[in-house]
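Chains, contacts and geometry: an overview
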Amino acid sequence: MSIHHVIPINKNWTFKQADSKDSKFLPVAQFPTNVHLDLIANGIIDDPFIGKNEQDVQWVGEVPWVYRTTFSAPSLSPGEQQGTKSVLAFDGLDTFATVVLNGTEILKTENMFIPERVDVTAHLKTEGDNELEITFESAYLKGCNLVEKYPDHHWGCWNGDTSRLAVRKAQYHWGWDWGPTLMTCGPWRPINLEVYASRISDLYFTSSVDQSLGSAELNVVAEIEGSASDVELIIYLNSQAVDSKIIKVTNSYASHKFKIESPALWYPKPYGGQPLYTVTATLYDNTTVLASQSKKFGLRRGELIQRRMTDQPGTTFFFQVNNIPIFCGGSDWIPADNFIPRISNDKYYDWIKLVADGNQFMIRVWGGGIYEEQAFYDACDELGVLVWQDFMFGCGNYPAFPEILKSIRREAQENVKLLRHHPSIVIWAGNNEDYQYQESNKLTYDFENKDAESWLQTDFPARYIYEKILADVCKELIPDTYYHFGSPWGGKTTSDPTIGDLHQWNVWHGSQEKYQNFDKLIGRFVSEFGMEAFPNIKTIDYYLPLGKDDPDRYPQSSTIDFHNKADGHERRIALYLVENFRYAPDPIEQFIYSTQLMQAECLASAYRLWKRQWRGPGREYCGGALVWQINDCWPVTSWAIVDYFLRPKHAYFTVKREMAPISLGVTRKEHLVPKDRHTRAHITKTTKIEIWGSNLTLEDIRGDIIIKAFDVVTGEETYSETIRSKFLLPENRSTEVIAIDVPVRQKNSDEEGRTVVAAYLVQDDKQLARYVNWPEPLKYVHLQKPKSLKVLLSDSTKFINISSEIPVKGLAIECDDDYVKFEDNLVDIVPGETVTIAVTGATKGTKFEIRYLGML
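Residues numbered from 1 in each chain as written. Predicted model: local features only at pLDDT ≥ 70, side-chain atom pairs only at ≥ 80, totals over all residues. Heavy atoms only, no water.

1. What to know about the overall build of the protein
From N to C terminus, the protein includes 15 helices and 42 strands. Since a compact globule built from 856 residues should have a radius of gyration of about 29 Å, the 29 Å found for the protein is in line with a globular shape. Counting only C-alpha atoms, the protein reaches 100 × 65 × 65 Å along its principal axes. Sequence-distant contacts in the protein: of pairs separated by 6 or more residues, those separated by 24 or more amount to 70%. If you sum the accessible surface of the protein, you get close to 34000 Å²; carbon and sulfur atoms cover 47% of it. Once the 89 positive and 114 negative side-chain charges of the protein are each reduced to a mean point, those two points are 5 Å apart. (Helix = DSSP H or I, 4+ residues; strand = E, 2+ residues; numbered from the N terminus. Rg over C-alpha atoms; globule rule 2.2 N^0.38 Å. Contact = heavy atoms within 4.5 Å. Areas by Shrake-Rupley, 256 points an atom, 1.4 Å probe, with all protein chains shown as cover. Lys, Arg positive; Asp, Glu negative; His and termini not counted. Charge placed at Lys NZ, Arg CZ, Asp CG, Glu CD.)

2. Some remarks on the sheet that holds strand β32 (residues 717–729)
In space, the 4 strands of this open sheet follow the order β32-β31-β34-β35, with antiparallel pairing throughout. Of all strands in the sheet, those bounded by a partner on one side alone are β32 and β35 (766–773). Averaged over all adjacent pairs, the angle separating strand axes in this sheet is 20 degrees, with direction ignored. Sheet analysis places strand β31 (residues 701–711) next to strand β34 (residues 755–763), joined by 8 bridges and oriented antiparallel. Counted as the bridge partner of Asp 711 is Thr 755 from β34. (Pairing = 2+ DSSP bridges. Axes fitted to C-alpha atoms, helices over the stretch in contact; angles between N-to-C directions.)

3. Some remarks on helix α7 (residues 402–419)
The terminal C-alpha atoms of α7 lie 26 Å apart, and with 18 residues this matches the ideal 26 Å at 1.5 Å per residue to within 8%. What α7 keeps buried is the set Ile 404, Leu 405, Ser 407, Ile 408, Glu 411, Ala 412, Asn 415, Val 416 and Leu 419. Down the axis, α7 shows its buried residues gathered within 160 degrees of arc, on one side only. Of the exposed residues in α7, those oriented more than 90 degrees away from the buried face are Pro 402 and Lys 406. On its buried face, α7 is in contact with α6 (374–383), β23 (386–390), β24 (425–429) and α10 (463–477). (Expected span 1.5 Å × (residues − 1). Buried < 20%, exposed > 50% of the residue type's maximum accessible area, 1.4 Å probe, protein only. Arc of directions from axis to C-beta.)

4. Section: helix α15 (residues 650–658)
Residues separated by three or four positions in an α-helix point in the same direction, a consequence of the helix having 3.6 residues per turn. Counting buried residues along α15, 8 of its 9 residues qualify, which places the element largely inside the surrounding structure. Among the residues making up α15, those that are buried are His 650, Ala 651, Tyr 652, Phe 653, Thr 654, Val 655, Lys 656 and Glu 658. Residues of α15 that are buried in the fold lie against α5 (345–357), α14 (588–611), β29 (662–674), β35, β38 (808–814) and β39 (821–822).

5. Here's the deal with the layout of surface pockets
For the second largest pocket, the calculated volume is near 1600 Å³. In terms of lining residues, the second largest pocket is bounded by 45 residues, among which Asp 91, Gln 293, Lys 295, Gln 374 and Leu 418 are the most central. Secondary structure elements with two or more residues in the lining of the second largest pocket: β5 (85–90), β8 (116–119), β10 (191–196), β11 (199–209), β17 (288–297), α6 and α7. The element that contributes the greatest number of residues to the lining of the second largest pocket is α7, accounting for 6 residues. Classifying every residue of the lining of the second largest pocket by side-chain character gives 15 nonpolar, 12 polar and 18 charged. (1 Å grid on protein atoms, 1.4 Å probe; cavity = no way out; pocket = protein on both sides within 12 Å on 5 of 7 lines; lining within 4 Å. Points joined across faces, edges and corners; volume = space filled by probe spheres on them. Nonpolar A, V, L, I, M, F, W, Y, C, P; charged D, E, K, R; others polar.)

6. Overview of the sheet that holds strand β20 (residues 324–326)
In space, the 3 strands of this open sheet follow the order β18-β19-β20, with antiparallel pairing throughout. Looking along the sheet, the strands with just one partner apiece sit at the ends: β18 (302–305) and β20. With direction set aside, neighbouring strand axes in the sheet form an average angle of 30 degrees. Both β18 and strand β19 (residues 318–321) contribute to a ladder of 4 bridges, which runs antiparallel. When the sheet's bridge partners are listed, Leu 304 is paired in β19 with Phe 319.

Without other data, these values stay purely geometric and don't point to any function.
Okay, structure coming up:
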């Protein structure tokens, strides 16, 4: 009997345009691959990320392409050939593919997300070359045809065009408000030839950790194809066997329930470690090893807590891991490239490490992209980042004709199976904003109607997908992981701030509120919110055709506008800039700084004000905030806080500070009290600051809270008091400290408008937290240029020390060398202190530049 051979089919691939007589087969750029990568590598198209080249390559997505290779089958002895089958395994074909082996059609596909397996035993040549050919049709044109085929469906969407709704392909390929329209095709995931008599077709498990955390049960199941007799299951931790069992195969299954005492539990960062067990299944025919498969997993209790609160309406929405309530500060994730096959495992790890290093505990895989690669989730498992996983539906009214429902069910089953072993995944959600689209377009939705079949007869048949198909798949395959119908979702409406999750877009979109008012825009869990900013100047120079010498190297140029896909971005960026700062478009570097300062201030305000509402047991008024978005898929101005080249914008650092384990918050509010109902002359004005502390650690903290005030014009320290001594900040919550008038020397003199307030939390002479509060809007503040600003690299080259004789707002340190990394940036400076920023990659000769508000 043959052992399980896996032979990658990754050599000798060529491609060409299928409908062109003049087209010749050319070598591919890599494998797996897609057509754009191969066309770029062969000089047929220019890089679509440069300039406006995207416009010139639209033809690529409207013609068919063919890929071809040859390969040899492995040589087997007569004994190995007995009972052996040969299978071609296609992990991902994008999207409408016809596969021909040695002249025989063996497969047709219509879903990018479904891995396919085809028994080719009867078609495979055992001697000589086998020819494999795959023809890909235009997904865009196929989608258009499907829209015409089903005219009775209420077609409609935000972003892209309606043809995308009919095609099970990454939706962002049709273009989005942060990404280009690039209709890819090709073998985007590996292709393997498998030769075997028996194999392990799946290895999965369910686990439960006792509420006391003292023991865990692990039910391991191996699905077997073929006639093998025995399976050995071994559980490892740190390469040491914890338990093992040999089980007879019965009806193609072998299973065993393990009990693990004193388990090593997996925690999100920073609440504990991330120990990962390994389960290995080895398949035997008597004493002969036929196949082996291993998967890593983590043991943990993971719950979504939705319960009534003591003094507010609605229910909570927060995650609890190993009995620890978690305030989930984090980000939303889009695919890290338009051309997915070139995202390396190392790049996935670098992205997730950037998230974890930024004090972010959760990442949401958005529903318009892909079910991510295993390397993405492996990094989340290893680094302790929780995952909110959407199914791949977004911003539209999806059809529900029989063929697509069948395809969606398979898609859901296959991808849940592929990902269900990852401890980082704590929730699956049915879609992104499809219920919002339903509400916006007044499509039929009766919450009280639970007759699933009747939903198919309405103008919102996609409800059947989210509340029936996907719900059933999750109930069957991952019963211990919470399934949420959509994001946002709260039940009867998506905008109810007291239940479920919320997408808060009334800053930027919607009513375009001031970002200082995020405390009024709260939800139980805010899974999207954001603000745009320009990327690093090096990223802009990359996409400008002539780089630094390009005539379009200014903020309002057509090329730079082309690299911002958000509708109305010019007006919105201008609105939030002009409301808050004095700024100018030249030089472009200072304009970039201004937009990044705006984004940083905006997002920090949201995290700070919403985390304030994480108030402890029974008062978890806000359980998390996920910023839209962490990353980009190409070089662009967008809501990302880190650009395509992994260059952090300044908001990355302000979010990191707000999500630190211990932090202080300060807000400033003006109160006007008229003497009587009618007067406009006799009005008492007071300006108060409210101060609170956030302690996300699992230990109570006591410390002194010190308040200082400074004159922004002179730099004079006008106030310094310890307002609370040995103040208690209980574990895992935010606590109000005090509300006082802004400390001024003379009341009713508008001195508040020139007073900067700094708050410090100090324990045994060690500063645990710091926050500097400024009068707003900052455009009214008479900022001064410091005469004694010092930004000095330490002798060890590991730290930069910053000081100034007057308050400085938003001091940013920049360096042309991408190997130089800052631990913090965009810091506020007040007199009498030195702010230290850790730095790596610097040398004595490294050149730094600085920017701050009011510099020009």
